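Topology and contacts: notes
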Amino acid sequence: MAKDAVRVLITGAAGVVATTGVVEACTGVNIAVMVSGFPRKEGMERKDVMPKNVSIYKAQASALENMQLKTPR
């Protein structure tokens, strides 16, 4: 539900693409707002999802580093 709400909010902005693909999301960007994370399931604590979240953010940061505009505006 939250993902759908975010998609509705951002797809109205010119040039914004809602995607789950990190390469698509980071290609040619000037600004990146990263909102993601593994959802906790019943019985999980924050420490249980930390390794999953680290891998998510690491993949995003790597794609951003490789796909960003080389000469930002």
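In this report, we go over the structure that sits alongside the text. Keep in mind that this is a model prediction, so the values were computed, not measured. (Residues numbered from 1 in each chain as written. Predicted model: local features only at pLDDT ≥ 70, side-chain atom pairs only at ≥ 80, totals over all residues. Heavy atoms only, no water.)

1. With respect to the overall build of the protein
Of the regular secondary structure elements, the protein holds 3 helices and 0 strands. Buried residues in the protein amount to 8% of all 73 residues. Approximately 6000 Å² of the protein is accessible, and the part contributed by carbon and sulfur atoms is 59%. (Helix = DSSP H or I, 4+ residues; strand = E, 2+ residues; numbered from the N terminus. Buried < 20%, exposed > 50% of the residue type's maximum accessible area, 1.4 Å probe, protein only. Areas by Shrake-Rupley, 256 points an atom, 1.4 Å probe, with all protein chains shown as cover.)

2. Remarks on the side chain of asparagine 53
Among the secondary structure elements, asparagine 53 is positioned in helix 3 (residues 46-67). Asparagine 53 has contacts with Gly37 and Phe38, leaving out every residue within four places of it along the chain. (Contact = heavy atoms within 4.5 Å.)

3. Things to note about the packing of aromatic side chains
All told, the structure shown has 0 aromatic pairs when counted by the stated rule. One Lys or Arg, lysine 52, reaches over the ring of phenylalanine 38 and ends 4.7 Å from the middle of that ring. (Phe/Tyr/Trp six-rings, centres within 6.5 Å; stacked < 30°, edge-to-face > 60°. Lys NZ or Arg CZ within 6 Å of the ring centre and 35° of its normal.)

4. Focus on helix 3
Counted at 1.5 Å a residue, the expected span for helix 3 with its 22 residues is 32 Å, and the 30 Å between its end C-alpha atoms agrees. Remark: the principal bend of helix 3, roughly 30 degrees, maps to lysine 52. Considered for burial, the residues of helix 3 that qualify are Val49, Asn53, Gln60 and Ala63. Here the buried face of helix 3 lies against helix 2 (22-26). (Expected span 1.5 Å × (residues − 1). Bend = angle between axes of the 7 residues up to and from the residue.)

5. Considerations on the side chain of glutamine 60
For glutamine 60, the location among the structural elements is in helix 3. Setting aside its immediate chain neighbours within four residues, glutamine 60 contacts Val22, Cys26, Met34 and Ser36.

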